[in-house]
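Each chain is listed here by its residues.
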Amino acid sequence: MRTLILLALAGLGAQLVDGSLGMAYGVTSTTLLLAVGTNPAAASATVHLAEIGTTLVSGASHWRFGNVDWRVVAKVGIPGAVGAFAGATVLSSLSTAVAEPAMSLILLALGVYLLGRFTFVGFSSRNLGKPLRNRFLSPLGLVAGFVDATGGGGWGPVGTPAILASGRLEPRKVIGSIDTAEFLVTVAASIGFLTGLGHQGIDLAWAGALLVGGVIAAPIAAWLVRHVPPRVLGSAVGGIIVITNTRTLLNSDWVGAGGALATAVYVVLYAAWAAALTYSIREHRRNLAREREEGRTGTSGDSADTAEDAKESAPSA
């Protein structure tokens, strides 16, 4: 019972982060299961079974709060389902010892870019509203789905920063659309795991505990992402990507750093992330104050917020 309660709390926390930042449920939950000795395939399968329920509730919540672009959901979700099914069926024979740190290095670079861009520049509305094309979204969904199934998480860390970096969709709609499309990915991955593994090693009670925690957190996260300023949200996402992938690299055979060195790196990263968030919040407040003084409601100076975002974010500022 103690284990189930801890898993439910972990699922609640993971979904709260995932639903508000567009990533981390799979990575957090899978890491916990691996830490207690579950084999990688069974851990990923258990998490994906739980995610069928959490992503369904999360998608419905994001839709309710107006955070979903259904065109993006279809264009990225269907290829993502294909990639997830393929990844699930080959996981038992696939070694990710080399692929994982390579992918983490790419994501780390992208995370640094997003952290710097949103912290010091804000969210540019110059490309906002331009269509996201199939030739970009389809390969992205295919790769993100495959990585998600084989790594026990990765749909959000791959899909969210890539679409955010395009600047063509508001951050809250990027997160809402990615979270909604993840339902298709988790269903496909679960079918693949059940085809390849049957029920071997899959703990349905653990999946249920993760599900309960995630379902409780999903509506809260969907509400939160609508009221967090885009500039601050982008800085938060960038920091999560940097810290998560730095951890993967430090623990990989490529680096193999541990002990005092790893601790020092984490201290520096968390301090830098906290400073970036503080700066983003301060600049957001400063620009809202300037807009009020000038008697305007559109975006000015700080391109981080559209007029709608500025109005919605004012209470949280």
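Quantities reported herein were computed from a predicted structural model and do not represent experimental measurements.

### Quick word on the overall build of the protein
Next up, step 1: Counting secondary structure elements, the protein contains twelve helices and zero strands.
Next up, step 2: Helices and strands in the protein line up, N terminus first, as α-α-α-α-α-α-α-α-α-α-α-α.
Next up, step 3: With 317 residues in all, the protein has 51% of them scored as buried.
Next up, step 4: Of the contacts made within the protein by residues no fewer than 6 positions apart, 82% connect residues no fewer than 24 positions apart.
Next up, step 5: In the structure as shown, the protein presents an accessible area of about 13,800 Å², 67% of it carried by carbon and sulfur atoms.

### Some words on the nonpolar core
Next up, step 1: Val-72, Trp-155 and Ile-163 are the most contacted members of the largest nonpolar core, which totals 32 residues.
Next up, step 2: Looking at this core, the elements that each hand over two or more residues are α4 (70-90), α5 (99-120), α6 (134-151), α7 (155-166), α8 (171-197) and α10 (230-251).
Next up, step 3: At seven residues, the largest contribution of residues to this core is made by α8.
Next up, step 4: Among residues more than four places away in sequence, those in contact with Val-72 are Gly-77, Leu-132, Leu-137, Ile-163, Leu-169 and Ser-177.

### Quick notes on α7
Next up, step 1: Between its first and last C-alpha, α7 extends 17 Å over twelve residues, near the 16 Å set by a 1.5 Å rise per residue.
Next up, step 2: For α7, the tally of buried residues reaches eleven of twelve residues, placing the bulk of the element in the interior.
Next up, step 3: Trp-155, Gly-156, Pro-157, Val-158, Gly-159, Thr-160, Pro-161, Ala-162, Ile-163, Leu-164 and Ser-166 are the residues of α7 that are buried.
Next up, step 4: With its phi angle positive at about 70 degrees, Gly-167 sits one or two positions after the end of α7.

Calculation notes
- Residues numbered from 1 in each chain as written.
- Predicted model: local features only at pLDDT ≥ 70, side-chain atom pairs only at ≥ 80, totals over all residues.
- Heavy atoms only, no water.
- Helix = DSSP H or I, 4+ residues; strand = E, 2+ residues; numbered from the N terminus.
- Buried < 20%, exposed > 50% of the residue type's maximum accessible area, 1.4 Å probe, protein only.
- Contact = heavy atoms within 4.5 Å.
- Areas by Shrake-Rupley, 256 points an atom, 1.4 Å probe, with all protein chains shown as cover.
- Core = buried A, V, L, I, M, F, W, Y, C linked by side-chain atoms within 4.5 Å.
- Expected span 1.5 Å × (residues − 1).

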